[in-house]
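# Fold and geometry: a report
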Amino acid sequence: MKTSNPVLARLGQAAERERSAGYAPTGPYGQPGYPQQYPTEAGYPVAPPAVDTMSIDDVVVKTVTLLGILGISAGAAWVLVPDSLLGAAWIGAAVVGLVLGLVISFSRMANPALVVAYAVVEGVFVGMVSKFFESLYDGIVLQAVTATFGVFFVMAMLYKAKVIRATPKFVKGMIAVMAGLFAVMLINLVLALFNVNTGLRDGSPLAIGFSLVCIVVASLSFVLSFKEVEDGVRMGLPRRYSWVAAFGILVSLVWLYIEILRLLSYFQGDD
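Heads up: these notes are all about the structure in this document. From a predicted model like this one, the values you see are computed outputs, not experimental measurements.

## Concerning the overall build of the protein chain
Across its full length, the protein chain carries eight helices and two strands. In sequence order, the protein chain lays out its α and β elements as α-β-β-α-α-α-α-α-α-α. Across the 271 residues in the protein chain, those meeting the buried criterion constitute 38%. Contacts spanning at least 24 positions in sequence make up 79% of the contacts within the protein chain whose residues lie at least 6 apart.

Right, here's the structure in full:
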């Protein structure tokens, strides 16, 4: 099964090698092309163990698990981190989360421990951001959470109904746009550290337009995640790769939530 995602293509090749692990070019009697047999205690040969492949249910369970971990971590950070350390915890979690996210994204192996660690760190980040905005605008966090999951379920229904399809052109275009937005946000962050205001995050009409673009792109990124899950299931990736698929969904959810939170804050006024 072919896929336009190069990472999944490599994972598919690794899965194929894993499925063929335990098979030798010669059989128990020296004939070529027969699988290697494994003797039991009684001396009877048995087939090599089959690879347990991922399923959509696996991804759903892993995604819910990661969301639960993120929620617990966010709640703990909200309660335990004092206001005086809010900024340091916010920035520290953002940096560590970015590093972990890049390692997971570019790694060719599924590592559940790293994915869980990412959920914990992102929970701290989300908790600190949420606490800050809630201290300014009462009720904004609940509004942002509701809107985030609302958008997610709408995108899931649209994808299932094939209203939006992840064609090769769509995938390439989305990857290019997301890379461009990431570069713009990174440059804007660096300039902000030197007190340079680009107008992208100050509540101006330009900032509102930029947030709307980010929200649209973050919403469409779910289509890429859903496509990756489908491709992974069709390609027979081992079950542990469901953690990687769940990680992709979690990243999009956090990004969408932060952008919605920021956009809502622009319309709250100064009271």
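## Describing a nonpolar patch on the surface
Together, L98, L102, F106, F182, L186, I187, L189, V190, L191, L193, F194 and V196 give the surface a local cluster of nonpolar side chains, amounting to about 1200 Å² of exposed area. If you list the elements that add at least two residues to the nonpolar patch, you get α3 (86–106) and α6 (168–193). With seven residues, the top contributor of residues to the nonpolar patch is α6. Among the secondary structure elements, V190 is positioned in helix α6. Owing to a relative accessible area of 39%, V190 belongs among the partly exposed residues under this scheme.

## Overview of the pattern of salt bridges
Between side chains of opposite charge, pairing is possible as soon as their charged atoms come close. Taken as a whole, this structure holds six salt bridges when the rule is applied. The shortest N-O distance in the salt bridge between D231 and K227 comes to 3.4 Å. Of the two residues, D231 and K227 both sit in helix α7 (residues 205–234), four residues apart, roughly one turn of that helix. Judged by its relative accessible area of 2%, D231 falls in the buried class. E230 is the salt-bridge partner of R234, the closest N and O atoms lying 3.6 Å from each other.

## Some thoughts on the nonpolar core
Counting residues in hydrophobic clusters, the biggest one holds 59 residues, and the most contacted among them are L66, F170, F222, V223, L250, Y257 and L261. Mapped onto this core, the elements with two or more residues apiece are α2 (56–80), α3, α4 (112–136), α5 (140–160), α6, α7 and α8 (242–266). The element best represented in this core is α8, accounting for 16 residues. The next biggest cluster of nonpolar side chains, apart from the first, holds five residues, and it includes A77, V81, L86 and M128.

## Comments concerning the environment of I104
By the secondary structure assignment, I104 is in helix α3. On the basis of relative accessible area, I104 is assigned to the buried category, the value being 8%. Spatially, the C-alpha atoms of I104 and V244 are 7.8 Å apart, while their sequence positions differ by 140 residues. Apart from residues lying up to four places away in sequence, I104 is in contact with L114, V115, Y118 and F247.

## Regarding the packing of α3 against α4
In the contact formed by α3 and α4, the axes pass within 8 Å of each other and the chain directions differ by 150°. Relative to α4, the element α3 lies roughly antiparallel. For the element pair α3 and α4, the recorded crossing hand is left-handed. Here L86, A89, W90, A93, A94, V96, G97, L100, G101, V103 and I104 of α3 lie close against α4, whose contacting residues are L114, V115, A117, Y118, V121, E122, V124, F125, M128, V129, K131 and F132. Residues that form the contact of α3 with α4 fall into these classes: 19 nonpolar, two polar and two charged.

## Focus on α7
If you check α7, its first and last C-alpha atoms are 44 Å apart, about what 30 residues at 1.5 Å a residue would give, namely 44 Å. Immediately downstream of α7, the backbone of G236 shows phi near 70°, a positive value.

Rules used in this analysis
Residues numbered from 1 in each chain as written. Predicted model: local features only at pLDDT ≥ 70, side-chain atom pairs only at ≥ 80, totals over all residues. Heavy atoms only, no water. Helix = DSSP H or I, 4+ residues; strand = E, 2+ residues; numbered from the N terminus. Buried < 20%, exposed > 50% of the residue type's maximum accessible area, 1.4 Å probe, protein only. Contact = heavy atoms within 4.5 Å. Patch = residues over 30% accessible without salt bridge, like charges linked within 9 Å, V, L, I, M, F, W, Y side chains within 5 Å. Areas by Shrake-Rupley, 256 points an atom, 1.4 Å probe, with all protein chains shown as cover. Salt bridge = Lys/Arg side-chain N within 4 Å of Asp/Glu carboxyl O. Core = buried A, V, L, I, M, F, W, Y, C linked by side-chain atoms within 4.5 Å. Axes fitted to C-alpha atoms, helices over the stretch in contact; angles between N-to-C directions. Parallel < 35°, antiparallel > 145°, perpendicular 65-115°, else oblique. Left-handed = near helix turned anticlockwise from the far one by under 90°. Nonpolar A, V, L, I, M, F, W, Y, C, P; charged D, E, K, R; others polar. Expected span 1.5 Å × (residues − 1).

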